[in-house]
Amino acid sequence: MPDFADLFRRRDESAPDLIAIDGTDRFLIDEAPHVHGDALRQPGQVAVVDDRLGVLTLGLITQYGASDIRVVQDSLVGERALEANAGTFGLRGFHHPDSLEDAFRNVRLVVLRLSKSHDRLDEIARAVARFAAPDVVLLCGGNVKYMNLSQNDVLRRSFGEVTASRGRGKSRLLIAQDPLRAQANRAAATNPWPRSVHVDDLGMTLVAHGGVFAGTSLDQGTRVLLEAMDAAVPTARTVVDLGSGNGVIAAAIALRRPNVKVVATDVSRIAVASTRATAEANGVGDRVTALRTDAGDELDAGSAQLVLCNPPFHADTTVTTDAAEAMFRNAATILQAGGELWCVWNGHLRYRPVLERLVGPTRQVLRTPKFTVTASVAAPR
């Protein structure tokens, strides 16, 4: 077994800009045996949530000999990184359960990397309190810059005892225990996930799990794209929604065009689940297929005549255009020659030259004070 100090020293050459390990990962790994060392020594009693690149999972394996770790990773990128890093060092001892119930049933230690989403934390915390062993400890870690007291309040909905560590470097930990006390409170024991809301002006129901982009609301960019997309390639038979989020675009195009097949993709597991639920709630589940892919990278070349996209420009707390550019590149492959990518973007991002380069000739369809909708025609390959 490799030494922990050397395990993440090398970077993945295919993703040189990704940080292999940071202070929060190290803090969580160092503290885990102090909050529940006995769980680390027993197979199948540890779960890891939202491990960015596999650092937490493989660190617990190499440092403490943990085995049969249940790993819940929302991002497909993180899941692939874990598998790749484990393969590089010949490590196993983990698996990805199909549901939160399978992930947390009777576990005694859950190690969680905090995101900026309080809803994601709430759904995970409720599931841990509901399914885990009575003596479970939920160990959460994050960058102090992005932590606040409301995270403690979220955890107290499901746990009777929540404490915060002292800061170490730029990181801090939250430790939640005693789920039974919280479960005795009927309000705390209820599970509001996924949430479902009817949007009157759309005539649609939106369904969302905790942490999915926009939740059960309609973000402004998506609203602008919905206003414009009726004119998009009226003859399209297959439509792809790249980055489907809560599934509103996929469900809306299926409702408006009864003869099209819609393929919705997202890198996020909870987004795919939300998209499926939204499609079912609006009676188009038979024509909307939701897939977990990284920017549509697993879709067949030339398989669609229209791609719709509201690309993200944040990765948690980081502003980035990398995801959008990957979507544009893949859209060019997915589209048949002459097919079109209809994209909405914040005007200050100035994506048009990028779209021209990666997809093809691009025209402006609609512009508001904040957003621009463009249509890019895929060139023959």
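Residues numbered from 1 in each chain as written. Predicted model: local features only at pLDDT ≥ 70, side-chain atom pairs only at ≥ 80, totals over all residues. Heavy atoms only, no water.

> An account of the overall build of the chain is requested, with residue identities and associated values reported.
When helices and strands are tallied, the chain shows 14 helices and 18 strands. Overall size of the chain, expressed as C-alpha extent along the three principal axes, is 60 × 50 × 35 Å. Here the chain, with 381 residues, has 54% of them falling under the buried criterion. A separation of at least 24 residues holds for 70% of the contacts in the chain among residues at least 6 apart in sequence. Here the chain displays about 16,900 Å² of accessible surface, and carbon together with sulfur accounts for 49% of that area. Side-chain charges in the chain split into 43 positive and 44 negative, and the spacing between the mean points of these groups amounts to 3 Å. (Helix = DSSP H or I, 4+ residues; strand = E, 2+ residues; numbered from the N terminus. Buried < 20%, exposed > 50% of the residue type's maximum accessible area, 1.4 Å probe, protein only. Contact = heavy atoms within 4.5 Å. Areas by Shrake-Rupley, 256 points an atom, 1.4 Å probe, with all protein chains shown as cover. Lys, Arg positive; Asp, Glu negative; His and termini not counted. Charge placed at Lys NZ, Arg CZ, Asp CG, Glu CD.)

> How would you explain the pairing of strand 8 (residues 195-199) if you had to name every residue and give the values?
The pairing of strand 8 with strand 9 (residues 204-208) spans five bridges and is antiparallel. Considered in strand 9, the bridge of Ser196 is made with Val207. The turn joining strand 8 and strand 9, which pair antiparallel and follow one another in sequence, is formed by four residues; a positive phi near 65° is taken by Gly203. (Pairing = 2+ DSSP bridges.)

> Explain the side chain of Arg257 to me, and be specific about the residues and the numbers.
Following the sequence through the fold, Arg257 ends up in the loop between helix 11 (248-256) and strand 11 (261-266). We note that Arg257 is buried and unpaired, the nearest opposite charge coming from Asp230 at a distance of 5.5 Å. Within the structure, the side chain of Arg257 is placed 3.2 Å from the backbone oxygen of Met229, a separation counted as a polar contact. (Salt bridge = Lys/Arg side-chain N within 4 Å of Asp/Glu carboxyl O. Polar contact = N/O pair within 3.5 Å; in protein donor to acceptor, adjacent residues only side chain to side chain.)

> Give a description of the sheet that holds strand 10 (residues 238-242) that names residues and reports values.
Read across the sheet, seven strands follow the order 12-11-10-13-16-18-17 without closing on themselves; strand pairing throughout is mixed. Every other strand in the sheet has two partners, leaving strand 12 (288-292) and strand 17 (362-367) as the edge strands with one partner each. On average, each strand axis in the sheet is inclined to that of its neighbour by 20°, with strand direction left out of account. Where strand 10 lies against strand 13 (residues 304-309), four bridges are found, and the strand directions are parallel. In the sheet register, Val239 faces strand 13, and the bridge partner there is Leu306. Along the sheet, helix 11 contacts strand 10, strand 11, strand 12 and strand 13; its crossing angle with strand 11, the most-contacted strand, is approximately 175°. Packing against the sheet, helix 12 (residues 269-281) makes contact with strand 11 and strand 12, and its axis sits at approximately 170° to strand 12. (Axes fitted to C-alpha atoms, helices over the stretch in contact; angles between N-to-C directions.)

> I'd like to hear about the packing of aromatic side chains, residue by residue, with values.
According to the stated counting rule, one finds two aromatic pairs in the structure shown. Seen from their ring centres, Phe328 and Tyr351 are 5.3 Å apart, and the 85° between their planes marks the pair as edge-to-face. With Phe328 in helix 13 (residues 322-334) and Tyr351 in the loop between strand 16 (335-346) and helix 14 (352-358), this residue pair connects regions lying 23 residues apart in the sequence. Of the two residues, Phe328 and Tyr351, both sit in the buried class. (Phe/Tyr/Trp six-rings, centres within 6.5 Å; stacked < 30°, edge-to-face > 60°.)

> Would you mind going over the pairing of strand 11 in detail, with residue names and values included?
Looking down a regular strand, the side chains alternate between one sheet face and the other. Among the six residues in strand 11, five count as buried, and that is most of the element. Where strand 10 lies against strand 11, five bridges are found, and the strand directions are parallel. Residue pairing for strand 11: Asp241 is matched across the bridge by Ala264. Each parallel crossover has a hand, and the one from strand 10 via helix 11 to strand 11 is right-handed. In terms of strand pairing, strand 11 meets strand 12 through five bridges, oriented parallel. Along strand 12, the bridge assignment pairs Val262 with Val288. Note that the unit made of strand 11, helix 12 and strand 12 has a crossover that is right-handed. (Right-handed = clockwise from strand over helix to strand, strands pointing away.)

> How would you sum up helix 7 (residues 149-156)? Please name residues and give values.
The complete set of buried residues in helix 7 reads Gln151, Asn152, Val154 and Leu155. For helix 7, the buried positions fall inside an angular range of 160° around the axis, keeping them on one side. Turning to helix 7, the residues buried within the fold contact helix 6 (118-131), strand 5 (137-143), strand 6 (161-164) and strand 7 (171-177). (Arc of directions from axis to C-beta.)

> Before we move on, can you summarise the nonpolar core with the specific residues and values?
Counting residues in each nonpolar core, the largest one holds 33 residues, and the members touching the most others are Val288, Leu306, Leu308 and Trp342. Mapped onto this core, the elements with two or more residues apiece are strand 9, helix 10 (220-228), helix 11, strand 11, strand 13, strand 16 and strand 18 (371-377). Counting residues per element, this core draws most heavily on helix 11, which supplies seven residues. Other than its neighbours up to four places away in sequence, Val288 contacts Ala250, Ala254, Val262, Ala264, Thr275 and Ala279. Counting 29 residues, the second largest nonpolar core, distinct from the first, contains Ile21, Ala39, Leu58 and Leu173. (Core = buried A, V, L, I, M, F, W, Y, C linked by side-chain atoms within 4.5 Å.)

> So what's going on with the confidence of the model for the chain? Which residues, and what values?
It should be kept in mind that the predicted coordinates are not to be read in detail where pLDDT is low. Per-residue confidence for the chain gives a mean pLDDT of 91, with 90% of residues at or over 70. Counting contacts from residues 10-19, a segment whose pLDDT is below 50, to residues more than four positions away or on other chains yields 10 contacts. Counting contacts from residues 314-319, a segment whose pLDDT is below 50, to residues more than four positions away or on other chains yields 10 contacts. (pLDDT = per-residue confidence, 0-100.)

> Hey, could you go over the state of the cysteines for me, with residue numbers and the actual values?
Tallied over the full model, the rule gives zero disulfides. Cys309 carries a free sulfur, and the closest cysteine sulfur to it, the one in Cys343, is 4.8 Å from it. (Disulfide = S-S within 2.5 Å.)

> With reference to specific residues and values, describe the pattern of salt bridges.
Should their charged atoms come close, side chains of opposite charge can pair. Scanning the entire structure with this criterion turns up 24 salt bridges. Asp102 serves as the salt-bridge partner of Arg105, at 3.1 Å between the closest nitrogen and oxygen. Asp102 sits in the partly exposed class, given a relative accessible area of 31%. The structure contains a network of salt bridges with shared partners spanning Asp22, Asp25, Arg52 and Arg113.

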